[in-house]
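Now for the letters of each chain:
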Amino acid sequence: MIDNLPPLREVIAAHDLRAKKQLGQNFLLDLNLTHKIARQAGDLTGCDVLEVGPGPGGLTRGLLACGARHVLAIEKDPRALPALEEISAAYPGRLTVINGDALEVDPLAHLTPPIRIAANLPYNVGTELLIRWLTPKAWPPFWQSLTLMFQKEVAERIVAQPGSKAYGRLALLAQWRADARIVMSLPPEAFVPAPKVHSAVVHLTALPEPRYPADPAVLSQVTGAAFNQRRKMLRASLKGLHPRIEALLEASGIPPTARAEEIDLQRFCTLARALAEARAG
């Protein structure tokens, strides 16, 4: 036991919290596991933590037990609120629960830096939230680190390297501005109900500045065009970006006959800068 609250199976039974498929819910009931995930977020003492989709509060309890100064839990399902209120009562003044959509709530209205994000993300909004957190208007972002559970396939896309099938825009986006690594893997049977896929926890630490200079909008345009037609040679997939795209590719150290999955982040950033300069000139 990590606190004096009941086991999660009892909490779910008491509040009739059966997971809803339409909300992307799969509950992690082993408090040893939720505590272990909380520890992957690093030293939480002196930090506020944003959690999305706490459900019955297993990870919430882990974060608070690990010393988080304050946790903001955003939960869309009103059925979970009574269970979360019980946790709030056990940790007075340290848990704020908002019944709402994480895509619409401004967490900065409720959090004080330094801020970390830790969540067993609902499957249906996980990738969208990650992209939002990685693409703020200004960098560095409001968060120091992200400790997030995804379907294992998504986690592998975040940390993928050039030449692999998983390598694509998500890997480039994550690794341009953060250090990303998989820190845990979990089998389907760890969850209730058991999903059809394995899951993994990814830890991302924000870099003070992007790994290589590039305009975010141009880099997004380049990688979007490249990976939307990833089987084509880059001279074909990128031809709509500039009349002299082959020359810009060569100047960036990229063979025009190469395909997107062969090109590393540094060269994509070099190409984005060359394209921006060519357009400006």
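First things first, this report covers the structure right here in the doc.

Basis of the calculations
Residues numbered from 1 in each chain as written. Predicted model: local features only at pLDDT ≥ 70, side-chain atom pairs only at ≥ 80, totals over all residues. Heavy atoms only, no water. 1 Å grid on protein atoms, 1.4 Å probe; cavity = no way out; pocket = protein on both sides within 12 Å on 5 of 7 lines; lining within 4 Å. Points joined across faces, edges and corners; volume = space filled by probe spheres on them. Nonpolar A, V, L, I, M, F, W, Y, C, P; charged D, E, K, R; others polar. Helix = DSSP H or I, 4+ residues; strand = E, 2+ residues; numbered from the N terminus. Buried < 20%, exposed > 50% of the residue type's maximum accessible area, 1.4 Å probe, protein only. Pairing = 2+ DSSP bridges. Axes fitted to C-alpha atoms, helices over the stretch in contact; angles between N-to-C directions. Contact = heavy atoms within 4.5 Å.

1. Notes on the layout of surface pockets
The computed volume of the largest pocket comes to approximately 450 Å³. The wall of the largest pocket is formed by 33 residues, among which Val52, Gly53, Glu75, Asn120 and Pro122 lie closest to the centre. Considered class by class, the residues forming the lining of the largest pocket number 17 nonpolar, 12 polar and 4 charged.

2. Things to note about empty space enclosed by the protein
A complete count under the given rule lists 1 cavity of 30 Å³ or more for this structure. Approximately 40 Å³ is the volume attributed to the largest cavity. If you go around the largest cavity, the residues you meet are Leu5, Pro6, Val11, Pro56, Arg61, Ala83, Glu86 and Ile87. It is helix H4 (residues 81-90) that provides the largest number of residues to the lining of the largest cavity, a total of 3 residues. A class-by-class count of the residues in the lining of the largest cavity yields 6 nonpolar, no polar and 2 charged.

3. Examining helix H7 (residues 169-177)
The buried fraction of H7 amounts to 8 of the 9 residues, a majority that puts the element mostly inside the structure. Every buried residue of H7 is listed here: Leu170, Ala171, Leu172, Leu173, Ala174, Gln175, Trp176 and Arg177.

4. Brief notes about the sheet that holds strand S7 (residues 178-186)
Spatial strand order, S4-S3-S2-S5-S6-S9-S7: 7 strands in an open sheet with mixed pairing. Each having just a single partner strand, strand S4 (95-99) and S7 make up the two edges of the open sheet. On average, adjacent strands in this sheet sit at an angle of 20° to one another, irrespective of strand direction. By the bridge criterion, 5 bridges tie strand S2 (residues 48-52) to strand S3 (residues 70-75) in an arrangement that is parallel. Following the sheet pairing, Leu50 is matched in S3 by Leu72. Where helix H5 (residues 126-134) meets the sheet, its contacts fall on S2, strand S5 (115-120), strand S6 (145-151) and strand S9 (199-206), and the angle it forms with S6 comes to roughly 155°.

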